[in-house]
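Each chain is listed here by its residues.
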Amino acid sequence: MLSNENYGDFDINDLPPGFLEDPEVQKLLNQLSGNNPDSIGSLLGALTTLKAESDKKTDIKLPTSTNTNSNGSLGMEVQPEPGFVIKTHNKKNVEGFTEGLKIFINICHSGKVPAPPLATDEEIRKAIEADDNATYKVPLSLSVPRTDLDKAGKTCIVFDACVNTNAIIKATKDGDYKLFLIELALEWVEEQYKLELSREFSLPKMRAKGKLVKHFIRRPERPSISELDSSVLPPTKSKTTTTTTKKTLPKPDYEIRKEPKGVENATYILIDIKLPDIENMNDAMVDIEKDKVIFKIPKKYALDLKLPILIDTEEGTAEFNRETRILTLKLTIL
């Protein structure tokens, strides 16, 4: 921190972007080699002026972070991994966001973000095509905006849109699904900050614009394998102690196999879960851990399956065949 009796303390963090490249500032910095008090005062004065001018030009008032655990709900702080970047611009003046302002959205990911629900290709296709009857949704955590500089040194705005890793994996293999994620992120930013973003976007050759920020992810408590029997009566005022009983949900039949078959070091482990009386996966919940799979359909089935080998929790797919009524989990072996 620099200090001078005429200008007080000046924090280096208050300096505007690009100030070091200013010729006058560089000239004053060179003069400081002799520790000339007049030069120090001139430098601080120049920096203060630059700071004021930068604040006027930027004219961007960003909201403070609301991504905190303010209500004490279950959740965790996660550090996303980079994915890909959307570059677009704002099309109308909104308080704090000028027309033409460049907007960057980092599509990032974490295995700790809730995964999209299990769905058939048909259900996912309906969502991609914006069908009115679509039910498939991708959970997304959006950061508050922050300022950065573009290649020309002009102020731009950056958001981080964090999704589950499985969604990013699918986007790398399916161009339509990638466009679906892009549109989802654009709509989230527009809804949260009342912006109008151009759909004439580009995808710069970078995995992230600036440093990704941490997200606080609220997750529901893992469902219990058993649930209370609805027939249990509430406790009475009698001195007699009323005990509750638990009803264990039936375990579905399943089969485990490895792929490729007959190979010593297999790449995948496949789990076929047989669900003969289930028509869709709307209520299904799957939790993948390194050494086990927890599967549940409320009031129907529950499976806590210990795996014979460690798997990669960041990769995997789940497909439900409506004809055979079999859910197949394909997991990558570590």
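**Re the pattern of salt bridges**
Next, step 1: In total, this model carries twelve salt bridges according to the counting rule given.
Next, step 2: Ionic pairing is found between Asp-174 and Arg-125, a salt bridge with its closest N-O pair at 3.9 Å. One end of the pair, Asp-174, is in the loop between helix H4 (165–173) and helix H5 (175–193); the other, Arg-125, is in helix H3 (residues 121–128), and 49 residues separate them in sequence.
Next, step 3: Across the pair Glu-190 and Arg-199 runs a salt bridge, and its minimum N-O distance is 2.8 Å.
Next, step 4: Each of Arg-125, Asp-174 and Asp-176 takes part in a single network of salt bridges with overlapping partners.

**Things to note about H5**
Next, step 1: Between its first and last C-alpha, H5 extends 27 Å over 19 residues, near the 27 Å set by a 1.5 Å rise per residue.
Next, step 2: All buried positions along H5 are accounted for by Tyr-177, Phe-180, Leu-181, Ile-182, Leu-184, Ala-185, Leu-186, Val-189, Glu-190 and Tyr-193.
Next, step 3: Turning to H5, the residues buried within the fold contact strand E4 (81–89), strand E5 (102–110), H3, strand E6 (141–142), strand E8 (155–164) and H4.
Next, step 4: The N-terminus of H5 is capped by Asp-174, whose side-chain oxygen sits 3.0 Å from the backbone nitrogen of Asp-176.

**Here we look at the confidence of the model for the chain**
Residues shown with low pLDDT carry predicted positions that ought not to be read at fine detail.
Next, step 1: On average, residues of the chain carry a pLDDT of 76, and 69% of them reach 70 or more.
Next, step 2: With pLDDT under 50 throughout, residues 1–8 is counted as low confidence; its partners more than four residues away or in other chains account for 21 contacts.
Next, step 3: Residue range residues 54–59 is modelled with pLDDT below 50. Its contacts to residues more than four positions away, or to other chains, number four contacts.

**Brief notes about the packing of H4 against H5**
Next, step 1: Where H4 contacts H5, the axes come no closer than 5 Å and their chain directions differ by 130 degrees. Classed by the angle they form, the pair H4 and H5 counts as oblique. With respect to the hand of their crossing, H4 and H5 are arranged in left-handed fashion. In this structure, H4 contributes Ala-167, Lys-170, Ala-171 and Lys-173 to the contact, and H5 contributes Gly-175, Tyr-177, Lys-178 and Leu-181.

**Considering the packing of H3 against H5**
Next, step 1: It is at 10 Å that the axes of H3 and H5 come closest, and there the two elements cross at 50 degrees. Taken as axis vectors, H3 and H5 run oblique relative to one another. Of the two elements, H3 crosses H5, and the hand of that crossing is left-handed. For the pair H3 and H5, the contacting residues are Ile-124, Arg-125, Ala-127 and Ile-128 in the first and Asp-176, Tyr-177 and Phe-180 in the second.
Next, step 2: When its residues are assigned to classes, the contact of H3 with H5 shows five nonpolar, no polar and two charged.

About the thresholds
Residues numbered from 1 in each chain as written. Predicted model: local features only at pLDDT ≥ 70, side-chain atom pairs only at ≥ 80, totals over all residues. Heavy atoms only, no water. Salt bridge = Lys/Arg side-chain N within 4 Å of Asp/Glu carboxyl O. Helix = DSSP H or I, 4+ residues; strand = E, 2+ residues; numbered from the N terminus. Expected span 1.5 Å × (residues − 1). Buried < 20%, exposed > 50% of the residue type's maximum accessible area, 1.4 Å probe, protein only. Contact = heavy atoms within 4.5 Å. Polar contact = N/O pair within 3.5 Å; in protein donor to acceptor, adjacent residues only side chain to side chain. pLDDT = per-residue confidence, 0-100. Axes fitted to C-alpha atoms, helices over the stretch in contact; angles between N-to-C directions. Parallel < 35°, antiparallel > 145°, perpendicular 65-115°, else oblique. Left-handed = near helix turned anticlockwise from the far one by under 90°. Nonpolar A, V, L, I, M, F, W, Y, C, P; charged D, E, K, R; others polar.

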